[in-house]
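Coordinates in review
Letter by letter, the chains look like this.
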Amino acid sequence: RVVVGTKVDQNHVNWVTAYNMLTGIRFTVSRTNAKVDRDLTDADFDARHKFSFDITGNELTPSAKYDFKFKDYAPWVFRHLRSNFRLDPADYLMSLTSKYILSELGSPGKSGSFFYFSRDYKYIIKTIHHAEHKFLRKILRDYYNHVKANPNTLLSQFYGLHRVKIPYGRKIHFVVMNNLFPPHRDIHRTFDLKGSTIGREFREEDLEKNPRATLKDLNWLNRNLHLEFGPTKKRAFIEQMKRDVTLLRKLKIMDYSLLVGIHDLERGNEENLRDKTLKVFQPGGEAAEEPLPTPLMRTPSKLENARKAKELRQMIKNQKPIPMDQSTSKMPDEMEDDGRGGLYFYSDDGGFRATHEDDRPGEVIYYLGIIDCLTHYGFIKRAEHFFKGFSNPESQISAIPPERYGDRFVRFISAITKSREKAEQEKNGEGID
Ligand code: ATP
Ligand code: CA
Ligand code: CA
């Protein structure tokens, strides 16, 4: 399959940052998970712990390659969140382990965030603005309660919130979250849908040089596409989306979107096996092509991985520090379907398969979720105020109040969710419901 992103190795400009992020995550996650599980307390939601890493190490932190400071936020809350999302602690650590761990999804989009994939493509690290970081901490309890009450939520699954800082460098805040797209299946089309039509079009002419670009609402409508779910799946999907949006409205969040990746089962993965280029994606931007780099390391076998996983579990149990350079993570093509622990919308090979009006399975698998949900209305308003002087039309239209944003979103997504048969019927003017 196509390798997405640029490999972050020692020669990469962000190598030190990436290395420090992973070292910090590994240390803090194994530290928390080594303890006996317990119920959350109020204090857990505000908790933060600061660690200093250096080359020599001390009684608290192991030695690291570089000097840096790492801050871990609400570790117990995230431990419970990970367990709610059915992540296996050893598996999580394995994915975020090893030397050539990450690939970077292009450089900053509009927001300036960086995206990194874990080596096995299961997890995404997204750098976030300080305002988003503060906001996530503020809403953490609401988010947690929502996830508890809605195990099948479509919202981004947050697994950790951290901060890293190198000497004389700036503070970098980041979250670890689920990659909605599967490591082992090719995504043939990607859409980022907000329910707005103004400015929501990717120039079709540009698809030629960037065939994997993320398309938007107008491209969806122009192609007369639908989220093809028969009655059973449609009901479940819309019900969950409404519950999720109710929370977002309440928390005055906006600017989020439904990310939809479509895997066409008939096309399968075949064409990618022939694809020998590395696609470098920039969120919302152009894509470049680079020749595939030569593999930097041997890919561990399944057996090796199983053995390493067992070792890691043992280490967590024994509270042993985890060695830094273990390259245990699996490559996408040797992974079986992980099914995300049976979570409803991720249960068809990691996604949600289309169905017909009679609930028969359909021809595509959708990989979908509500992303970019840390933008508070107040933040947008301030940005808009700032931009007003430049009369930026985009900022004006996006700044509709969160209630209206949410309603428009639900209306749009509901309207495009219908089986192939239903869509056909309506086109012919028969029984519209
Ligand atoms: P902006 O604020 O300008 O919209 P952003 O930097 O906040 O951008 P997002 O909107 O969160 O970025 O994501 C940008 C793109 O990155 C998405 O359109 C999608 O292609 C990819 N992406 C983001 N989150 C995920 C995810 N959880 N799984 C897979 N892909 C993702
Ligand atoms: Ca976005
Ligand atoms: Ca954003």
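Before going further, it helps to examine the overall build of the protein. Along its length, the protein carries 13 helices and 15 strands. The buried share of the protein, reckoned over its 433 residues, is 53%. Long-range contacts, defined here as pairs at least 24 residues apart, represent 72% of the contacts in the protein between residues at least 6 apart. Surface summary for the protein: the accessible area is close to 20,300 Å², and the carbon and sulfur share equals 52%.

With that settled, consider the pairing of strand β3 (residues 68-73). Counting buried positions along β3 gives five out of six residues, so the element sits mostly inside the fold. Two strands pair when backbone bridges link them, and strand β2 (residues 48-53) and β3 are joined in this way by six bridges, in the antiparallel orientation. What sits directly across from F53, in β3, is F68. As paired elements, β3 and strand β7 (residues 158-165) share five bridges and run antiparallel to each other. Bridging from a neighbouring strand, F70 pairs with V164 of β7.

Close to ligand 1 lie 16 residues, the nearest being S111, K126, N178, L180 and D372. One nitrogen or oxygen atom from the main chain of N178 is found 2.9 Å from a nitrogen atom belonging to ligand 1. A distance of 3.3 Å separates a nitrogen atom of ligand 1 from a polar atom in the side chain of N179. Its free accessible area being 620 Å², ligand 1 has 86% of it covered by the protein chains. Those elements that provide at least two residues to the shell around ligand 1 are β6 (123-128) and β8 (172-178).

Okay, the nonpolar core next. Grouped together as the largest cluster of nonpolar side chains are 100 residues, with contacts concentrated most on L227, F237, V260 and I413. Counting residues per element, this core draws most heavily on helix α1 (residues 15-33), at eight residues. Those residues in contact with I413 that sit more than four places away from it in its chain are L193, L227, F237, M241 and L258.

Turning next to the confidence of the model for the protein. Reading fine detail from the predicted coordinates is not recommended where pLDDT is low. When pLDDT is averaged across the protein, the result is 82; 76% of the residues are at 70 or more. Below pLDDT 50 for its whole length, residues 273-301 participates in 65 contacts with residues either more than four positions away or in separate chains. Counted against residues more than four places away or in other chains, residues 321-339, with its pLDDT under 50, gives 68 contacts.

The next thing to look at is the coordination of the calcium ion (ligand 3). Metal coordination angles have textbook ideals: 109.5 degrees for a tetrahedral set of four donors and 90 or 180 degrees for an octahedral set of six. On the protein side, the calcium ion (ligand 3) has D372 (OD) and D372 (OD) as donor atoms, found 2.5 Å from it. The metal-metal distance between the calcium ion (ligand 3) and the calcium ion (ligand 2) is 4.4 Å, with D372 serving as a donor to both. Note that D372 resides in the loop between β15 (361-371) and α10 (377-388).

Let us look at helix α3 (residues 75-84). In terms of burial, α3 is a largely internal element, nine of the 10 residues being buried. Where α3 is concerned, the buried positions are P75, W76, V77, F78, R79, H80, L81, R82 and N84. With its phi angle positive at about 65°, R86 sits one or two positions after the end of α3.

Now for the side chain of H184. Within the element layout of this structure, H184 appears in the loop between β8 and β9 (189-193). On the basis of relative accessible area, H184 is assigned to the buried category, the value being 17%. Polar side-chain contacts of H184 include one of 3.0 Å to the side chain of D349.

Further remarks concern the sheet that holds β2. Across the sheet, which stays open at both edges, the eight strands sit in the order β1-β4-β5-β6-β8-β7-β3-β2 with antiparallel pairing between neighbours. A single partner strand is all that each edge strand has here, and the edge strands are β1 (6-7) and β2. Bridging between strand β4 (residues 103-104) and strand β5 (residues 115-117) involves two bridges; their strand directions are antiparallel. Note that in β5 the partner of S103 across the bridge is F117. Here α1 sits on the sheet and contacts β2, β3, β5, β6, β7 and β8; the angle it forms with β3, its principal contact strand, is near 45°. Contacting β2, β3 and β7, α3 crosses the sheet at an angle of about 145° to β7.

About the thresholds
Residues numbered from 1 in each chain as written. Chains lettered and ligands numbered in written order. Predicted model: local features only at pLDDT ≥ 70, side-chain atom pairs only at ≥ 80, totals over all residues. Heavy atoms only, no water. Helix = DSSP H or I, 4+ residues; strand = E, 2+ residues; numbered from the N terminus. Buried < 20%, exposed > 50% of the residue type's maximum accessible area, 1.4 Å probe, protein only. Contact = heavy atoms within 4.5 Å. Areas by Shrake-Rupley, 256 points an atom, 1.4 Å probe, with all protein chains shown as cover. Pairing = 2+ DSSP bridges. Near = heavy atom within 4 Å. Polar contact = N/O pair within 3.5 Å; in protein donor to acceptor, adjacent residues only side chain to side chain. Core = buried A, V, L, I, M, F, W, Y, C linked by side-chain atoms within 4.5 Å. pLDDT = per-residue confidence, 0-100. Donors = N, O, S within 2.8 Å, 3.2 Å for Na, K, Ca; no water. Axes fitted to C-alpha atoms, helices over the stretch in contact; angles between N-to-C directions.

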